[in-house]
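Okay, here's what each chain looks like letter by letter:
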Amino acid sequence: MRLLLACCLVLIAGCQTNPFEEQPKDLVYKTSAFEDTVRWGDMRNIVRFVKSEPGESVQTPEELGNVRVTSYEVARPLTEVTKTRWSQTAVIDYVLTDRQIVRQLIDHQVWESDDEGKTWFRTNPLPQFR
């Protein structure tokens, strides 16, 4: 009986699929770096993840200096839209430090690659921390 139970457990464990297996590893690294940047309060550098046109730079919103993130949770993991376009949703809790107001926002992220998945950039606007 124990042997049968052990065999069943091995079969069930072997049938599980890894939900991260099919995600482009460079995209996983990029979204993880974005999460770390936001979570650890390096808010002025989140513009580095946003795609800009050649010769154009993305301006850092002034309000980011007044934000302290208290939580960043992925609500919907990376989901393929096309091979070079993926989306993800995060819930971000934060405090406006000048007023000590606690807020929460839902950040719907769109990530795209122009070079077959080697580099990834966020193509939709950054969330508004108000």
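All values reported here derive from a predicted model rather than from experimental measurement. Throughout this document, residue positions are counted from 1 along each chain, in the order its sequence is written. pLDDT decides what is reported in this predicted model: residues at 70 or higher carry local features, side-chain atom pairs at 80 or more are listed and counted, and totals for whole chains, interfaces and linings draw on all residues regardless. Values reported for side chains reflect all heavy atoms of the structure, with hydrogen atoms and water molecules removed beforehand.

**Points about the side chain of S113**
Thinking step 1. Helical segments are the DSSP runs of H or I of at least four residues, strand segments are the runs of E of at least two, and each set is numbered from the N terminus. Position of S113 among the secondary structure elements: in the loop between β3 (101–112) and β4 (121–122).
Thinking step 2. Polar contacts involving the side chain of S113 include one to the side chain of D115, which spans 2.9 Å.
Thinking step 3. There is a polar contact of 2.8 Å between the side chain of S113 and the backbone nitrogen of G117.
Thinking step 4. Contact partners of S113, with chain neighbours within four places excluded, come to T84, K118, T119 and W120. For this analysis, a polar contact is any N or O atom pair within 3.5 Å, provided that within protein one partner can donate a hydrogen and the other can accept it, and provided that sequence-adjacent residues contribute only side-chain to side-chain pairs. Note on definitions: a residue-residue contact is assigned when non-hydrogen atoms from the two residues lie within 4.5 Å.

**A word on the nonpolar core**
Thinking step 1. Side-chain atoms within 4.5 Å link the members of a nonpolar core, which is a set of buried Ala, Val, Leu, Ile, Met, Phe, Trp, Tyr and Cys residues. Only protein chains enter the area calculation, which uses a 1.4 Å probe; residues under 20% of their type maximum are buried, those over 50% are exposed, and those in between are partly exposed. In terms of nonpolar packing, the biggest core is built from 23 residues, with F34, V38, M43 and F129 touching the most fellow members.
Thinking step 2. Going through the elements one at a time, α2 (25–39), β1 (67–82), β2 (85–96) and β3 are the ones with two or more residues in this core.
Thinking step 3. The biggest single contributor to this core is β2, with five residues.
Thinking step 4. Apart from residues lying up to four places away in sequence, F34 is in contact with I46, F49, Y72, D107, Q109, W111, R122 and L126.

**Quick notes on the sheet that holds β4**
Thinking step 1. Each pair of strands is called paired provided DSSP finds at least two bridges between the two strands. With respect to topology, four strands assemble into an open sheet ordered β1-β2-β3-β4, the strand pairing being antiparallel. The open sheet has two edge strands with one neighbour each: β1 and β4.
Thinking step 2. Direction of pairing for β1 relative to β2: antiparallel, over a ladder of 11 bridges. Bridged to R76 within β2 is T89.
Thinking step 3. In the packing of α2 onto the sheet, contacts are made with β1, β2, β3 and β4, and the angle to β1 comes to roughly 160°. Between the N-to-C directions of two axes lies an angle of 0 to 180 degrees, each axis being a line fitted to C-alpha atoms and, for a helix, fitted only over the stretch in contact.

**Comments concerning α2**
Thinking step 1. For α2, which comprises 15 residues, the first-to-last C-alpha distance of 21 Å matches the rise-based estimate of 21 Å (1.5 Å per residue) to within 8%.
Thinking step 2. Taken together, the buried positions of α2 are L27, T31, F34, E35, T37 and V38. Buried residues of α2 fall within an arc of 165° about the axis and therefore sit on the same side. Projecting away from the buried face of α2 at angles above 90 degrees are the exposed residues K25 and Y29.
Thinking step 3. Buried residues in α2 make contact with β1, β2, β3 and β4.
Thinking step 4. Within two residues after α2, G41 carries a phi angle of roughly 80°, on the positive side. To estimate how far a helix should reach, multiply one less than its number of residues by 1.5 Å. Picture the helix axis, draw a direction to every C-beta atom, and the arc is the one those directions span.

Honestly, it's all geometry; don't read function into it.
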